[in-house]
Amino acid sequence: MSNYPAAYQVTKGSVLSVDKAFYDQIAARQDAREVAESFVVPIRSGRAWKVRAGQVFRIVTVEGPQVADLNMWNLHNPRERMWASRTRQLQQAHVSTHDRLWSTLPFLRPMATITDDTLAHYGVDGDGGRVHDLLGTRCDPYVNRLLTGQDFHFHCHSNLTRAIAPHGLTEYDVHDVLNVFQCTGLNDHDQYFMKACPAKQGDYLEFFAEIDLLCALSTCPGGDLSVPMWGPDARDPIDVCRPLGVEIHDLDPALLVNWAPPETASYQGNHGMHPEQVVWKD
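Quick caveat, the model's predicted, so the values are computed rather than measured.

Draft legend 1. Seen up close, the overall build of the protein chain. Secondary structure summary: the protein chain contains 4 helices and 13 strands in total. Taking 2.2 N^0.38 as the reference for a compact globule, 282 residues should give roughly 19 Å; the C-alpha atoms of the protein chain span a radius of gyration of 19 Å, in line with that estimate. Total accessible area on the protein chain stands at roughly 14,800 Å², and carbon and sulfur atoms take up 51% of it. Taking the average location of the 24 positive side-chain charges in the protein chain and that of its 35 negative ones, the two points are 2 Å from each other.

Draft legend 2. The arrangement of the packing of aromatic side chains in detail. The full count for this structure, using the stated rule, is 8 aromatic pairs. Geometrically, the ring pair formed by Trp49 and Phe57 is edge-to-face, given 5.9 Å between the ring centres and 70° between the ring planes. For the pair formed by Trp49 and Phe57, the shared burial category is buried. Among the aromatic residues, ring-to-ring pairing joins Phe22, Tyr23, Phe208 and Trp259 into one connected group. Over the ring of Phe39 we find Arg47; its NZ or CZ atom is 3.8 Å from the centre of that ring.

Draft legend 3. Spotlight on unusual backbone geometry. Along the chain, Leu105 connects to Pro106 via a cis peptide bond; the corresponding omega equals 5°. Within the element layout of this structure, Pro106 appears in the loop between strand E6 (100-102) and strand E7 (110-117). Unusually for a residue other than glycine, Leu108 sits at a positive phi of about 45°. Structurally, the position occupied by Leu108 is in the loop between E6 and E7. Of note in this structure, Asn270 is not a glycine but carries a positive phi near 55°.

Draft legend 4. Geometry of the environment of Asp176. Residue position: Asp176 is located in the loop between helix H4 (156-164) and strand E9 (178-186). Between the alpha carbons of Asp176 and Ala84 there is a distance of 6.0 Å; along the sequence they are 92 residues apart. Ignoring any residue separated from it by four or fewer positions in sequence, one finds Asp176 in contact with Asn71, Met82, Ala84, Thr137 and Arg138. Here Thr137 takes part through its side chain, which lies 2.8 Å from a polar atom of the side chain of Asp176. A polar contact is formed between the side chain of Asp176 and the side chain of Arg138, at a distance of 3.1 Å.

About the criteria used
Residues numbered from 1 in each chain as written. Predicted model: local features only at pLDDT ≥ 70, side-chain atom pairs only at ≥ 80, totals over all residues. Heavy atoms only, no water. Helix = DSSP H or I, 4+ residues; strand = E, 2+ residues; numbered from the N terminus. Rg over C-alpha atoms; globule rule 2.2 N^0.38 Å. Areas by Shrake-Rupley, 256 points an atom, 1.4 Å probe, with all protein chains shown as cover. Lys, Arg positive; Asp, Glu negative; His and termini not counted. Charge placed at Lys NZ, Arg CZ, Asp CG, Glu CD. Phe/Tyr/Trp six-rings, centres within 6.5 Å; stacked < 30°, edge-to-face > 60°. Buried < 20%, exposed > 50% of the residue type's maximum accessible area, 1.4 Å probe, protein only. Lys NZ or Arg CZ within 6 Å of the ring centre and 35° of its normal. Contact = heavy atoms within 4.5 Å. Polar contact = N/O pair within 3.5 Å; in protein donor to acceptor, adjacent residues only side chain to side chain.

Okay, here's the thing in structure tokens:
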């Protein structure tokens, strides 16, 4: 494993410098929160929900291992949405406690910060696998058609599309995901691999909402990924599919006294263009 330094280094006092004590207190003070809403997302389906800035939401393996695909948008402006690739660069390719999910340009700010992760201990396994993946993206019916010649309507892309439709969003708003509970890596040929989900019943990943959010989750049709979805050994893995729970928590306001939602990026440079340089053509 290379010890070459990360490209994006934290400058003292920058937004990349996380106040770990603040988020650790949120995770530790279970007595200073109340469940505002909870629900279960059935197998091979999707669900969208709203989270207000300063709330916490948790994704829970209510029956056992199951991977999920997570999208999020600014509740008031869906053009601002989670940016998986920049999050990989600013944080890690596999995220855990204290990592943040960042939004797209021109906004570029933390949308949510991970406050607790019961799989944080997993680390790197013997195959180079890690959990909570930002390397890959959602499964979709278009790739499935390419690989198998068949249509299947319950891939994560389709699940997310159905989930956000009641909120006025469409397939074009679905974006690259955080693969929650998913164990992945790159093999010796620099190819993406997926392993069986290591989560147990009751494991969870918890997020603090930095801004008002619309979130959507798909329970992956591959279940816990212990069965190949494609290739010569593939079969329908419905027997390893399980539901997931979502909990939204209200925090004691005392925990948030010194916190405020992050501002959008301050760059206002117009990309080197001046108004007279912009010519509109029919």
